[in-house]
Protein chains: 2
Amino acid sequence: MIQKYRYGHPFETEAVIMPVKDTLGTPDFLTVSNKDTLIFSYEMDKADIVYGLGEANRGINKRGFCYKSFCTDQTTHSEEKQSLYGAHNFLLIKGKRSFGLFVDYPGLVTFDIGYTRLNLLTIEVPDANLNLYIITGPSLLSITEQFRTLIGRSYIPPYFAFGFGQSRWGYQNATDVTAVANGYQSHDLPLDMIYLDIDYMDHYKDFTVNTERFPDFPHFTKTMKERGIRLIPIIDAGVKIEDGYSIYEEGKEHGYFCKKEDGDFFTAGVWPGRTHFPDVLNKEAREWFGSKYEFLISQGIDGFWNDMNEPAMFYSDEGIADLLQSVFSIDLASCHADDMLALRDKINSLSNRLNDYKLFYHNVNGTPVRHDTVHNLYGYNMTRAASEGFEKIAPNKRFLLFSRSSYIGMHRYGGIWTGDNSSWWSHLLLNIKMMPSLNMCGFLYSGADLGGFACDTTKDLLLRFLAFGIFTPLMRNHSAIGTRNQECYQFENCEDFKGILRLRYRLIPYLYSEFVKAALHNRMLFMPLGFLYEDDTTASHIEDQLLFADGLMLAPVYEPNAIGRHVYLPEDMLYLKFTSEDTYEAVPLKKGHHYIEVSLTEVPIFLRKNHFLLLANAADCTANLDNTTFTLIGEKASSGTLTLYRDNGFEKDYDNPSHYTTIQITNGVITTSDPSLHLTAELY
Amino acid sequence: MIQKYRYGHPFETEAVIMPVKDTLGTPDFLTVSNKDTLIFSYEMDKADIVYGLGEANRGINKRGFCYKSFCTDQTTHSEEKQSLYGAHNFLLIKGKRSFGLFVDYPGLVTFDIGYTRLNLLTIEVPDANLNLYIITGPSLLSITEQFRTLIGRSYIPPYFAFGFGQSRWGYQNATDVTAVANGYQSHDLPLDMIYLDIDYMDHYKDFTVNTERFPDFPHFTKTMKERGIRLIPIIDAGVKIEDGYSIYEEGKEHGYFCKKEDGDFFTAGVWPGRTHFPDVLNKEAREWFGSKYEFLISQGIDGFWNDMNEPAMFYSDEGIADLLQSVFSIDLASCHADDMLALRDKINSLSNRLNDYKLFYHNVNGTPVRHDTVHNLYGYNMTRAASEGFEKIAPNKRFLLFSRSSYIGMHRYGGIWTGDNSSWWSHLLLNIKMMPSLNMCGFLYSGADLGGFACDTTKDLLLRFLAFGIFTPLMRNHSAIGTRNQECYQFENCEDFKGILRLRYRLIPYLYSEFVKAALHNRMLFMPLGFLYEDDTTASHIEDQLLFADGLMLAPVYEPNAIGRHVYLPEDMLYLKFTSEDTYEAVPLKKGHHYIEVSLTEVPIFLRKNHFLLLANAADCTANLDNTTFTLIGEKASSGTLTLYRDNGFEKDYDNPSHYTTIQITNGVITTSDPSLHLTAELY
């Protein structure tokens, strides 16, 4: 059951698409105090588990920390960081009372989940205008499904988006990009996408291509596509201020940029230097910005990633003025340490200042709305702009689209990547922990920068990252300029990567099928163990194993120099130890605690009873995957139905019943609704 | 066997105290290349484990990363950091060939341990003047013991230093300090020390006390000592430039500060503003600086911590000049992002610049030695200055002394704390991993800032930190100004801390005894499991369990919201689950993998067969510990000898045979060499 409590006059975020009638008052188990801010309090039981918050730091269980929903360009995801790029205000409490809670509010929300007091949850909102949804149901899965129904169907990308992508900030030109394609293909390492970071543009101007670096871009995209590789360019939020640059001129002419109180456009420094922000909360401006993607689509581009859309800013004109004042006020002759430290703090706080977010306004249906009060909607609406633009440009075609910043609601328009992580082993674990939280909030097409974005990676870290990453829908290796080259072929004995990457391709039809079904039916792809084994206390506290769809359990190795790991089985399972893409050992394991050895090139997969794993033959790109010939792996004693979803992968007729094929396995006998399937069973 | 290979003309670091004859050539299993730099290479076996490096980042097994021995004021110990505060150039390789390796070189040394290539170890030294020691022996323990013999007996602190200490940067005055004493004692939480950070000084001037904040310091120290609490003040490296300040005037007059090439004193900005660095590599200057501790000792002080002695600097005069040039060269009208980012980088790199370390010189027996070439000896010799000063001030008295920066050799003069960690769960794990590495390098009196120095802690993190910290010789809760109050009594239900803190006091006689024996006999206090169970591959790869002395195994919980953890037993053990300081369950567990539940207030201890745990009665401070009445815990079937070391705790006659008491347990019958002991056995 979903109950909606309205406080004051909420801003319409369009996060929710299902109409729900207002319930008067406040849920009786919450305490509300309403002085300067609105604070909801809930006394947790010691044993309660708190799930949720989507793209947030820390664990699957969010207890023991204070989180701030305020989309932030967070360059270092260290443990104390309270905000990342997204604002996903959904909590799911399991315990003496189990319920879901969604705070639909577009500004800062603070979640103190046992930080101040171990057993106290408080949610603080700076003003009293918001919608609060409380969801109850017979199980955690039911509550999640209801919430997902409330917020609407998740974005479904094209089939190729399930291939492996290589990215790096620093590919300067067609030669660099070609070298990446060659590096992968010459080593028999599959690849579907190469991402173009900011360097492909002309002076970081949106919707331009640097023609010195890419002399014939349409021809280049075509050539790459013939090799099975799509180019996926980045689009940033800020539009460069430059006379004669058409996007700038048009935006200026029509007033499509965010304005200050005095009516002037607000200026922020980002990659191109001084820029204006398109007012994506203004319907007309959003339509205009979305239409601009056509420039690249017409040159053969099938996907984009939207970046810097918190919106990030390095500085504002106002911030620079403040800074200079500080510099000039220092008396260097008697220079005290505190002065220098204050100056350093000042310059380090120049970026993404809250004060700057208070300086500009959106035009929402003719009403000026100060940015900070709706801050969390910016990335959402930039991505919506793109999606709505695609809809007009090619109505029945699916585009790859994901964003850095997001709010719940954006999950209908695109995916997200989890931003600028580091080549840290702890960030591989963070990647694992974040996936189910994202799924709860509707973000199914998602993944981390495998290998780590910032800092220098190592081969073993990249191998372990990939061994988990082959299960994330968005599977991308991405790194920052100035760090160690991170493409798989850059490492000695790069054939060590082959088994893992090619196993991804064997998994794609299964991943795709499970993904689309999860999207269409508002289900989870990655689940905490506690979602399925609610009464199993041990399972419920496990933070480093996940369920994948209905049938699999994952237990990745995420520690340096480990030769294996402990794993807990909440029920008997078949342990599949993949030593390469097409060799594996199948070992039945009993419910309970186990230690498994996992070498750097191996992938452990656990298969639940009465479930089956479906594998295709490996291929070098998604286009070459055979979608009719599969291997089915399971236990002889298992019986069950595997529903396989297949479509052409680029059109939008998702609900066509012909896309479903059932495969029924009973006592080792396989029957299927599609007689043209070639199925080989490997039963143990 | 120890072999010494001399290259060129090494600087005498005095790390080694045992004479070893030179061996000609180079060890045959190392490749040496000698072009611009000296590089030793070793091809590791895939299964080799590399221990060592003392205070270094990452794991017990150091493989998979590149470390730089260059003492650094590292404010954030994130995973990519290559240098921390100490330089401990000892490696211990276990595998196809097991050996110890010590690079005795006082400047930058780079250890690439499988970073560039998974199986390649390289050690790079910028010039060809160094001593290389290779140590072989029948076991890892034998190699370590030989190395420790080579470098000399570890520092032994007074008995009170094994008590619990509370610290915080931000205790402003006697009132604040008194509140800490009251906070602990009124809640029946034991305490032996309160640390004074920089705020006790007059304008951060070494060897001064701010008399406004502490109107009668000698009386105050006396009053606190009567309550069982000692005050432990900080001493920083930089001496404030201030006319009339006696330390500055004396140092200037005698030329005891580090000088630039032109003969002027080098100036660096630190807490007091502009300072000079005492030239602690100059024997006379060291003697002078060491004598200054008398100022505080005469006021009742029994211990010190030496800080900022990498030496840390916020800026140099030269650095400020560079910075201003950059600021003035920016054209703000057309300000480009790159300019702002460059400026930010510039100001952020103002601190601890390598270039600044090249600007000043030490006077070593009349010869000027450029600082960067002997950089890693600074903290070492500052601490040596203090220790040698104490020796003159009170020859037979032990002082508490530890340092932030260090080099091997300093372990004879003082301990170290592991610097400015953060309130991160991963730093609790780092604390665990670092302890055995420190012990290998001679640093026995050591510990981390429990609860975390930077960032806001939480009650659960502090509880888990303390549950491990009760085993570290230096047990201190320390936090930074501006962070959440971190004293145990600041949290709701602070009686939750009582059991853990009081268990520490029950353990002290045993910890002290094991500590002193380890120091006197060059043994390890904390050991990786692989040191004792060399043939057990699983044990050898465990990074989150430690052996403590001969008899105990520790398996701390270090993850948020965990209700327990997996633990591996390399042999049958008795699991002691302490639910408070004097209640525990004793459960015999078999060799193998287990899962144990551990609540936030519990401490798990594993006892080996034929070993016994000795516990005193709890007390509120070390002075009130009864050193004759003990409980012995063990298994009925166990037989063995526990050698108990006891002395008066403040004098230096360590080797007096009367300090040893043997307790023999055979078939449940206890005999002891000291009939006045009161022993109660609890055998299972």
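No experiment lies behind these values; they were computed from the predicted model shown. (Residues numbered from 1 in each chain as written. Chains lettered and ligands numbered in written order. Predicted model: local features only at pLDDT ≥ 70, side-chain atom pairs only at ≥ 80, totals over all residues. Heavy atoms only, no water.)

Chemist: I'd love a proper account of the overall build of chain A, names of residues and values included.
Modeler: For chain A, the count of helices and strands is 15 helices and 43 strands. Computed over the C-alpha atoms, the radius of gyration of chain A is 25 Å, within 12% of the 26 Å expected from 2.2 N^0.38 for a compact globule of 684 residues. Principal axes of the C-alpha set define a box for chain A whose edges measure 80 × 65 × 55 Å. Out of the 684 residues in chain A, the part that is buried amounts to 66%. Summarising the internal contacts of chain A: among those between residues at least 6 apart in sequence, 72% fall at separations of at least 24. Carbon and sulfur atoms provide 49% of the accessible area of chain A, an area that totals close to 22,300 Å². (Helix = DSSP H or I, 4+ residues; strand = E, 2+ residues; numbered from the N terminus. Rg over C-alpha atoms; globule rule 2.2 N^0.38 Å. Buried < 20%, exposed > 50% of the residue type's maximum accessible area, 1.4 Å probe, protein only. Contact = heavy atoms within 4.5 Å. Areas by Shrake-Rupley, 256 points an atom, 1.4 Å probe, with all protein chains shown as cover.)

Chemist: Go over the sheet that holds strand E28 (residues 449-450) of chain A with me, naming the residues and quoting the values.
Modeler: All names here are of chain A. Here nine strands make up an open sheet; going across it, the order is E27-E26-E24-E20-E15-E14-E13-E29-E28 and the pairing parallel. Looking along the sheet, the strands with just one partner apiece sit at the ends: strand E27 (446-447) and E28. Relative to strand E26 (residues 415-417), strand E24 (residues 400-403) runs parallel, the two being bridged by two bridges. Each bridged residue has a counterpart across the sheet, and for Ser403 the counterpart in E26 is Ile416. Sheet contacts for helix H10 (residues 378-393): strand E15 (230-236), strand E20 (303-307) and E24; angle to E24, the most-contacted strand, approximately 170 degrees. (Pairing = 2+ DSSP bridges. Axes fitted to C-alpha atoms, helices over the stretch in contact; angles between N-to-C directions.)

Chemist: Describe the packing of helix H11 (residues 425-440) of chain B against helix H12 (residues 459-469) of chain B, listing the residues and the values that go with them.
Modeler: All names here are of chain B. Across the interface, H11 lies against H12 with an axial gap of 10 Å and an inter-helix angle of 5 degrees. Between H11 and H12, the angle is such that the two are roughly parallel. Each of Trp425, His427, Leu428, Asn431, Ile432 and Met435 in H11 lies in contact with H12, whose residues at this interface are Asp460, Leu461, Arg464, Phe465 and Phe468. Classifying every residue of the contact of H11 with H12 by side-chain character gives seven nonpolar, two polar and two charged. (Parallel < 35°, antiparallel > 145°, perpendicular 65-115°, else oblique. Nonpolar A, V, L, I, M, F, W, Y, C, P; charged D, E, K, R; others polar.)

Chemist: Quick rundown of the packing of aromatic side chains? Include the residues and the values.
Modeler: In this structure the tally under the stated criterion is 112 aromatic pairs over all chains. Arranged with centres 5.0 Å apart and planes meeting at 40 degrees, the rings of B:Phe578 and B:Tyr584 form a pair that is tilted. Residue classification places B:Phe578 among the buried residues on the basis of a relative accessible area of 1%. Through a chain of ring-to-ring contacts, the aromatic side chains of A:Tyr155, A:Tyr159, A:Phe162, A:Tyr195, A:Trp305, A:Phe402, A:Trp417, A:Tyr445, A:Tyr512, A:Phe515, A:Tyr645 and A:Tyr660 assemble into a single cluster. Sitting above the plane of the B:Trp417 ring, B:Arg476 keeps its charged end 5.2 Å from the centroid. Seen from the ring of A:Tyr115, B:Arg484 lies directly overhead, with NZ or CZ sitting 4.2 Å from the centre. (Phe/Tyr/Trp six-rings, centres within 6.5 Å; stacked < 30°, edge-to-face > 60°. Lys NZ or Arg CZ within 6 Å of the ring centre and 35° of its normal.)

Chemist: Tell me about the environment of A:Ser298, and please be specific about residues and values.
Modeler: All names here are of chain A. Within the secondary structure, Ser298 is located in the loop between helix H6 (294-297) and E20. Ser298 gets classed as partly exposed once you look at its relative accessible area, which sits at 49%. There is a polar contact of 3.0 Å between the side chain of Ser298 and the backbone oxygen of Phe295. (Polar contact = N/O pair within 3.5 Å; in protein donor to acceptor, adjacent residues only side chain to side chain.)

Chemist: Outline unusual backbone geometry, supporting the account with residue identities and numerical values.
Modeler: All names here are of chain A. In this chain, Glu310 is followed by Pro311 through a cis amide linkage whose omega measures -10 degrees. Even without a glycine there, the phi angle at Phe207 is positive, about 60 degrees. The residue Phe207 is located in the loop between strand E14 (193-196) and helix H3 (217-226) in this model.

Chemist: Tell me about the pattern of salt bridges, and name the residues and values.
Modeler: Pairing between side chains of opposite charge can happen when the charged atoms of each approach one another. Residue and element names in this part refer to chain A. Applying the stated rule across the entire model yields 84 salt bridges over all chains. Its salt-bridge partner being Lys205, residue Glu242 comes within 2.7 Å of it at the nearest N-O pair. Taken together, the residues span a long stretch of sequence, with Glu242 in the loop between strand E16 (239-240) and helix H4 (246-254) and Lys205 in the loop between E14 and H3 at a distance of 37 residues. Given the relative accessible area of 26%, Glu242 is considered partly exposed. Of the residues examined, Lys205 reaches a relative accessible area of 7% and is grouped as buried. (Salt bridge = Lys/Arg side-chain N within 4 Å of Asp/Glu carboxyl O.)

Chemist: Go over the relation of the copies chain A and chain B with me, naming the residues and quoting the values.
Modeler: Overlay of chain A on chain B (RMSD 0.0 Å): rotation 180 degrees, translation along the axis 0.0 Å. Such a turn and shift between the copies fits a two-fold axis. Among all C-alpha atoms of chain A, that of A:His566 lies closest to the rotation axis, at 3.5 Å. A high fraction, 98%, of the interface residues of chain A reappear at the interface in chain B, so the copies pair face to face through one surface. (Least-squares fit on C-alpha atoms with pLDDT ≥ 70 in both.)

Chemist: For the interface of chain A and chain B, give the residues involved together with the corresponding values.
Modeler: Between chain A and chain B, the contact holds 60 residues from the first and 59 residues from the second. Between chain A and chain B the total buried area reaches about 5,400 Å² when both faces are included, carbon and sulfur atoms providing 62% of it. The closest approach of N and O atoms between A:Glu492 and B:Arg117, which form a salt bridge, is 3.1 Å. Summed over the shared surface of chain A and chain B, the number is 23 residue pairs in polar contact (both at pLDDT 80 or more). The element that contributes the greatest number of residues to the side of chain A that touches chain B is helix H8 (residues 337-348) of chain A, accounting for seven residues. (Buried area = accessible area lost by both parts, 1.4 Å probe.)

Chemist: Provide a residue-level description of the sheet that holds strand E12 (residues 130-135) of chain A, including the pertinent values.
Modeler: Residues and elements named next belong to chain A. Pairing is mixed in the open sheet, where six strands are placed in the order E2-E1-E12-E9-E8-E5. The open sheet has two edge strands with one neighbour each: strand E2 (22-23) and strand E5 (49-52). As defined by bridge partners, strand E1 (residues 2-7) adjoins E12 across six bridges and the pair is classed as antiparallel. By the bridge assignment for E12, Arg6 is matched with Asn131. In the packing of helix H1 (residues 140-151) onto the sheet, contacts are made with E1, E5, strand E8 (90-94), strand E9 (99-104) and E12, and the angle to E8 comes to roughly 165 degrees.

Chemist: Any chance you could break down helix H4 (residues 246-254) of chain B for me, citing the residues and the numbers?
Modeler: Residue and element names in this part refer to chain B. Inspection of H4 places Ile247, Tyr248 and Gly251 among the buried residues, and these make up the whole buried set. The buried residues of H4 occupy an angular sector of 100 degrees when the element is viewed end-on, so they sit on one face. Contact partners of the buried residues in H4: strand E16 (239-240), strand E19 (273-276) and helix H5 (283-291). Gly255 sits one or two residues past H4 and shows a positive phi near 70 degrees. (Arc of directions from axis to C-beta.)

Chemist: Outline the pairing of strand E33 (residues 564-569) of chain B, supporting the account with residue identities and numerical values.
Modeler: Residue and element names in this part refer to chain B. The element E33 is largely enclosed, with a buried count of six among its six residues. As paired elements, E33 and strand E36 (residues 592-597) share six bridges and run antiparallel to each other. In the sheet register, Tyr568 faces E36, and the bridge partner there is His593.

Chemist: Can you break down the side chain of A:Arg63 residue by residue, with the values?
Modeler: Residues and elements named next belong to chain A. Positionally, Arg63 belongs in the loop between E5 and strand E6 (65-69). It is Asp48 that comes nearest to the buried, bridge-free Arg63 among opposite-charge side chains, at 5.2 Å. A polar contact is formed between the side chain of Arg63 and the backbone oxygen of Asp45, at a distance of 2.9 Å. Reaching out from Arg63, the side chain makes a polar contact with the backbone oxygen of Lys46 at a distance of 3.4 Å. (Lys, Arg positive; Asp, Glu negative; His and termini not counted.)

Chemist: With reference to specific residues and values, describe the confidence of the model for chain A.
Modeler: The predicted model of chain A averages 96 in pLDDT, with 99% of residues at 70 or higher. Predicted as a complex, the structure gets a pTM of 0.97 and an ipTM equal to 0.97. (pLDDT = per-residue confidence, 0-100.)

Chemist: Account for helix H11 (residues 425-440) of chain A, with residues named and values stated.
Modeler: Taken as a whole, H11(A) carries its principal kink of about 30 degrees at A:Met434; the proline A:Pro436 stands between one and four residues after it. The positive-phi residue at the C-terminal boundary of H11(A) is A:Gly442, with phi of around 95 degrees. (Bend = angle between axes of the 7 residues up to and from the residue.)

Chemist: Which residues make up the environment of B:Lys517, and what values go with them?
Modeler: Relative to the helices and strands, B:Lys517 resides in helix H13 (residues 498-520). Residues B:Lys517 and B:Val280, spaced 237 residues apart in sequence, show a C-alpha to C-alpha distance of 31 Å.

Chemist: Pulling in residues and values, what's your account of the state of the cysteines?
Modeler: Put plainly, a disulfide is one covalent bond tying together the sulfur atoms of two cysteines. As enumerated under the stated definition, the model contains zero disulfides over all chains in all. B:Cys455 takes part in no disulfide bond, and the closest cysteine sulfur, belonging to A:Cys66, lies 14 Å away. You can call B:Cys455 buried: its relative accessible area is 18%. Of all cysteine sulfurs in the structure, the one in B:Cys488 sits closest to B:Cys621, which takes part in no disulfide; the separation is 16 Å. Given the relative accessible area of 5%, B:Cys621 is considered buried. (Disulfide = S-S within 2.5 Å.)

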